[in-house]
Amino acid sequence: MATQFPDDFKCPISLEIMSDPVILSSGHTFDRASIQRWLDSGHRTCPITKLPLPDQPSLIPNHALRSLISNFTRTPLPKPQLEHANPNPQTLISVLTSKSSPLESKLESLTQLTKLSKRDSASRRKLTESGAVSAVLNCLKIHSDGFTLQEKALSLLLNLSLDDDNKVGLVAEGAVSRVVAALRFGSPDCRAIAATIITSLAVVEVNKATIGDYPYAINALVSLLQNGKLIREKKEAATALYALTSFPENRKRVVSCGAVPILMRLADAGLERAVEVLSILVKCKEGREEMMRVSGCVGVFVKMLKTGSSRAVQCSLFTLSCLCCCSQEICGDSRKEGVLDICMGLLEDDNEKVRRNANNLIQTLSGNPSMQ
């Protein structure tokens, strides 16, 4: 079954689908369990490049890839078919583009094309070369038949976006405008898939700027954070914003759309992805200023320090450290909330980044702030 997934979803060590993908300092992604076994065996080189690694290698969660894998596996994989039973992609695409095709036929064509797109990169390339992208984007314009057609078209578009070679081409063909429209006006499931497509497209650096500059794109994601009816919608929106904000110019855009108070509320409610986005937004002056305006700001991060995962703790420590460097008031609140004691306990944490961030925050709260 695993051979039907994109190769990028497989761990280079185990060759199995990754359940917890992490990025090594070499830039390559592995399943956490596999690369941890490699490191625990004493290896200090990248299994792929053979280049040396630090004594305490960091494993950075690849949230974008994890989200893509999760959405890809949401639909059951196609059953193996005999070669003569394989549908002709061009015929299926023609059904989508024909004005006389009934809705049922278009839905079935999208189902078959989606199955084909799950096979491998070569199948997706063949679909793209056969004109599948323009046909799918055309389906996204149709709203009179409800959201079923749109949801199936978005699922296919997401699969086609998995290959890096397609990501820039999809944006060039106008995918962003259709996806943003789905974010704004689609059903809850459509909005969640649309947000995941944004995450996929934003893997390519040039697309981060293009998407961020597109009217309503970031605004629609922030709106989904606030108004999404499903927790999946909020998570996918936060993941997309996390991907986009690695491009510095997008940080100000996200802040100006009012994301910070919304993210703070979600973080307070336990959504760890919100803390991760805040740890990026705190790097810009506008983001820090907005966070400091939120009542109970420090308490939100302290709560995450006490109950969050290692990644959430790491992000909370970093964010608090940045805020404390800019505000004596935040420093005072942090001391009152017992942050120093919490940080002292984290100096023995297994995670090297948690230890380092805890130490930095201790230094800042002890009177040695340093932030340009």
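Worth saying up front: this structure is predicted, and the values here are computed from it rather than measured.

K.L.:
With reference to specific residues and values, describe the packing of aromatic side chains.
P.N.:
Applying the stated criterion across every chain, the model contains 0 aromatic pairs. For the cation-ring pair, Arg184 lies above Tyr216, with the distance from its terminal atom to the ring centre recorded as 4.0 Å.

K.L.:
Before we move on, can you summarise the packing of helix α9 (residues 175–185) against helix α12 (residues 217–227) with the specific residues and values?
P.N.:
Where α9 contacts α12, the axes come no closer than 9 Å and their chain directions differ by 30 degrees. Judged by the angle between their axes, α9 and α12 are roughly parallel. Regarding α9 and α12, the two cross each other, and that crossing is left-handed. Here Val180, Leu183 and Arg184 of α9 come into contact with α12, specifically with Ala217, Ala220, Leu221 and Leu224. Split by residue class, the contact of α9 with α12 holds 6 nonpolar, no polar and 1 charged.

K.L.:
Give a detailed account of the environment of Gly338, specifying residues and quantitative values.
P.N.:
Among the secondary structure elements, Gly338 is positioned in the loop between α20 (328–336) and α21 (339–346). Overall, the relative accessible area of 22% leaves Gly338 in the partly exposed class. In the structure, Gly338 is positioned 328 residues away from Lys10 in sequence and 43 Å away in space, judged by C-alpha atoms.

K.L.:
I'd like to hear about unusual backbone geometry, residue by residue, with values.
P.N.:
A positive phi angle, close to 65 degrees, is found at Leu15, a residue other than glycine. Here Leu15 shows up in the segment before β1 (21–23).

K.L.:
Let's hear about helix α15 (residues 259–268): which residues, and what values?
P.N.:
For α15, a buried count of 7 out of 10 residues is recorded, marking the element as mostly surrounded by other parts of the structure. Every buried residue belonging to α15 is among Ala259, Val260, Ile262, Leu263, Met264, Leu266 and Ala267, and all of these are buried. Looking at the buried side of α15, the elements it contacts are α12, α13 (231–244), α14 (248–256), α16 (272–281), α17 (285–293) and α18 (297–307). Gly270 sits one or two residues past α15 and shows a positive phi near 105 degrees.

K.L.:
Help me get a handle on α16, residues and values and all.
P.N.:
Among the 10 residues in α16, 9 count as buried, and that is most of the element. When α16 is considered as a whole, its buried residues turn out to be Arg273, Ala274, Val275, Glu276, Val277, Leu278, Ser279, Ile280 and Leu281.

K.L.:
So what's going on with the packing of α15 against α16? Residues and values would help.
P.N.:
One can describe the packing of α15 onto α16 by two numbers: an axis separation of 8 Å at closest approach and a directional angle of 140 degrees. Relative to α16, α15 is oriented oblique. Every pair of crossing elements has a handedness; the one defined by α15 and α16 is left-handed. For the pair α15 and α16, contact is made by Val260, Leu263, Met264, Leu266 and Ala267 and by Ala274, Val275, Val277, Leu278 and Leu281, respectively. Here the contact of α15 with α16 is built from residues that sort into 10 nonpolar, no polar and no charged.

K.L.:
Which residues make up the domain arrangement of the chain, and what values go with them?
P.N.:
Segmentation of the chain into domains returns domain 1 (7–73) and domain 2 (97–211). Using only C-alpha atoms to locate each centre, domain 1 and domain 2 end up separated by 28 Å. Listed as interface residues are 7 residues of domain 1 and, on the opposing side, 7 residues of domain 2. At the junction of domain 1 with domain 2, the criterion picks out 0 salt bridges. Taken together, the links from domain 1 to domain 2 amount to 0 residue pairs in polar contact (both at pLDDT 80 or more). Looking at side-chain class alone, the side of domain 1 that touches domain 2 contains 4 nonpolar, 2 polar and 1 charged residues.

K.L.:
Kindly report on the side chain of Arg311, identifying the contributing residues and their values.
P.N.:
Within the secondary structure, Arg311 sits in helix α19 (residues 310–326). One buried charged residue, Arg311, remains without a salt bridge, the closest side chain of opposite sign being Glu276 at 4.1 Å. With sequence-adjacent residues up to four places away left out, Arg311 is seen in contact with Pro61, His63, Tyr242 and Glu276.

K.L.:
Any chance you could break down the nonpolar core for me, citing the residues and the numbers?
P.N.:
If you look at the biggest cluster of nonpolar residues, it comprises 115 residues, and the most contacted ones within it are Leu221 and Leu317. A total of 8 residues in this core trace back to one element, the largest contributor, which is α19. Structurally, this core is a two-domain feature, drawing no fewer than three residues from each of domain 1 (7–73) and domain 2 (97–211). Apart from residues no more than four positions distant in its own chain, Leu221 is found in contact with Leu183, Ala195, Ile198, Ala237, Ala240, Leu241 and Leu244.

Rules and cut-offs
Residues numbered from 1 in each chain as written. Predicted model: local features only at pLDDT ≥ 70, side-chain atom pairs only at ≥ 80, totals over all residues. Heavy atoms only, no water. Phe/Tyr/Trp six-rings, centres within 6.5 Å; stacked < 30°, edge-to-face > 60°. Lys NZ or Arg CZ within 6 Å of the ring centre and 35° of its normal. Axes fitted to C-alpha atoms, helices over the stretch in contact; angles between N-to-C directions. Helix = DSSP H or I, 4+ residues; strand = E, 2+ residues; numbered from the N terminus. Parallel < 35°, antiparallel > 145°, perpendicular 65-115°, else oblique. Left-handed = near helix turned anticlockwise from the far one by under 90°. Contact = heavy atoms within 4.5 Å. Nonpolar A, V, L, I, M, F, W, Y, C, P; charged D, E, K, R; others polar. Buried < 20%, exposed > 50% of the residue type's maximum accessible area, 1.4 Å probe, protein only. Domains from an automatic or database assignment. Salt bridge = Lys/Arg side-chain N within 4 Å of Asp/Glu carboxyl O. Polar contact = N/O pair within 3.5 Å; in protein donor to acceptor, adjacent residues only side chain to side chain. Lys, Arg positive; Asp, Glu negative; His and termini not counted. Core = buried A, V, L, I, M, F, W, Y, C linked by side-chain atoms within 4.5 Å.

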